[in-house]
Amino acid sequence: MNELTARLVALREPAPASILPGVLDRTGLADHFVTRASPLGPLFVAYSRRGVTLVDLALTAEAFTRRYEALLGRPVLPAAEPPARLAAALERALVAGRTGRVPLDLAGVGPFQEAVLRKAAEIPPGEVRPYGWVAREIGHPGSDRAVGNALATNPVPLVVPCHRVVRADGRVGRYSLGTDANKRVLLAAEGLDVEAHERLAARGVRYLGSATTRIYCHPSCRHARRITERHLVEFRDPGAAVRVGYRPCRDCRPQAA
Amino acid sequence: MDMSRLAAAIAEDLDVGFPRLVRALQDGVFAGALRLTGSRADAEEITQEAFVRAHRALAGYPPDRVRDLQLRGWVWTIALNLCRNRARTRRRHPEEPLDGWAVAPDPAPGPEQEALAGAEREHLVRHLARLPWPVRAAVVLRHVAGLPYAEVAIALGRPIGTVKSDVHRGLQALRRSLEEEP
């Protein structure tokens, strides 16, 4: 390269940072974010045209947008409100605790993790299921640890309520959004008596049955919570319930061992 | 960035591939537009507008056509039209200042050598602006935007031989004019 062309090359300079967000905004490809109240404080919820992309706690919008760019490799812009349908779905997910049909844009999430997240999203608010239950339900019995990892890297916590998946021994276990204590805060806010749940589990009780219906459930299942004390039967494992003629609940599906 | 793989990605899924296209090409398009229009504000607008138009076009193309695009040259056909139109408008409304003929202000005014380099660049930019349109466009696309000749030819819609000789003549003229008025 001769001196003149080298001088021409030196005229190159990077495009201003405003160009990419501007183009994406004008082509309808920009991701946006809104904030929503949560029991853990203000929550940043980002979404693309396809659905929710990232949910995170952050101190400031700047901190969130920086994290977003680092994680997803593209800019995110503030929005006043999401499109009406997404807004309604978000309201259902974050206020009523029902993920239902919130559209999710989980690019970069593998099929196993996606299956785990979709399964976790089926757990009703105020109820919990063990990691092993998720593993079995998605057809990977025994892969409890992989389920734990998949939930730990849930990009859309709260919207996908990974906090409703707990350890088999009854302890609530770890939580990725902020501290582990946040998991208890969220479950308590949904109406689960976390201490009572843990006390029961500490005594080795994993399932509750009704002597009248002869159905057994996970202890936090809404059907189990309706059983009157007189008819409440405790089981340590599904086998014990089956042996005395109980069948598993069709809603919370505690499967026979 | 492998441009043919990017074209395949865009053909597959425009929404996913397009932001990568903007990332890959925006620096070159901006730098080129800046030297062709002489205005930083114009270059910024043109760069943005070129990509918006590219997106609109890509959305209407069948996947096979997208896969076969020489993306850089193709985006530059759009950008060059915008640069040319802007230059015509500027000639009709010359009162607006052309801030971009000056080189970017040094973000951190440093040692003397840098100030000197800045003045030298400004000088080069002024001489570059005197070249006639197709020659200037060819020189800028080849050496500032960094396009291979084949894509410069696509961008200008001219045969590759013509483009090569334009760049050659452009550089000669530039060298001469820099020598005459250093």
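All of these numbers come straight from a predicted model, not from anything done at the bench.

The next thing to look at is the overall build of chain B. Within chain B, the regular secondary structure consists of nine helices and zero strands. In chain B, which comprises 182 residues, the share counted as buried stands at 40%.

In this section: the sheet that holds strand β1 (residues 31-36) of chain A. Residue and element names in this part refer to chain A. Reading across from one edge, β3-β2-β1-β4 is the order of the four strands in this open sheet, with mixed pairing throughout. Where the open sheet ends on each side, the last strands, each with one partner, are β3 (52-57) and β4 (76-78). Within this sheet the neighbouring strands show an average axis-to-axis angle of 30°, counted without direction. Relative to strand β2 (residues 43-47), β1 runs antiparallel, the two being bridged by five bridges. Residue Thr35 lies in a different strand from β2, and its bridge partner there is Phe44. Across the sheet, helix α3 (residues 61-72) touches β1, β2, β3 and β4, and the angle it forms with β3 is around 135°.

Chain B puts 25 residues into the contact, and the matching count from chain A is 22 residues. Going through the elements one at a time, α2 (14-37), α3 (40-60), α6 (112-128), α7 (133-144) and α9 (160-180) of chain B are the ones with two or more residues in the side of chain B that touches chain A. Here the side of chain B that touches chain A takes 10 residues from α2(B), the largest share from any one element.

Time to look at the sheet that holds strand β9 (residues 232-235) of chain A. All names here are of chain A. One open sheet accounts for four strands, arranged β9-β7-β8-β10; its pairing is mixed. Looking at which strands have only one partner, the edges of the open sheet turn out to be β9 and β10 (247-248). The pairing of strand β7 (residues 207-210) with β9 spans four bridges and is antiparallel. Across the sheet, the residue bridging to Leu208 is Glu234, located in β9.

Interfaces are often sized by the amount of accessible area the parts lose when they come together. Residue and element names in this part refer to chain A. Under the domain assignment used here, chain A contains domain 1 (18-96), domain 2 (110-192) and domain 3 (201-257). For domain 1 and domain 2, the distance between their C-alpha centroids amounts to 23 Å. Listed by contribution, the elements that provide at least two residues to the side of domain 1 that touches domain 2 are β3 and α4 (84-96). Among the elements that take part in the side of domain 1 that touches domain 2, β3 stands out by supplying four residues, more than any other. Classifying every residue of the side of domain 1 that touches domain 2 gives nine nonpolar, one polar and no charged.

What counts as what
- Residues numbered from 1 in each chain as written.
- Chains lettered and ligands numbered in written order.
- Predicted model: local features only at pLDDT ≥ 70, side-chain atom pairs only at ≥ 80, totals over all residues.
- Helix = DSSP H or I, 4+ residues; strand = E, 2+ residues; numbered from the N terminus.
- Buried ≥ 20, exposed ≤ 12 C-beta atoms within 10 Å, placed from the backbone.
- Pairing = 2+ DSSP bridges.
- Axes fitted to C-alpha atoms, helices over the stretch in contact; angles between N-to-C directions.
- Contact = placed C-beta atoms within 7 Å.
- Domains from an automatic or database assignment.
- Nonpolar A, V, L, I, M, F, W, Y, C, P; charged D, E, K, R; others polar.

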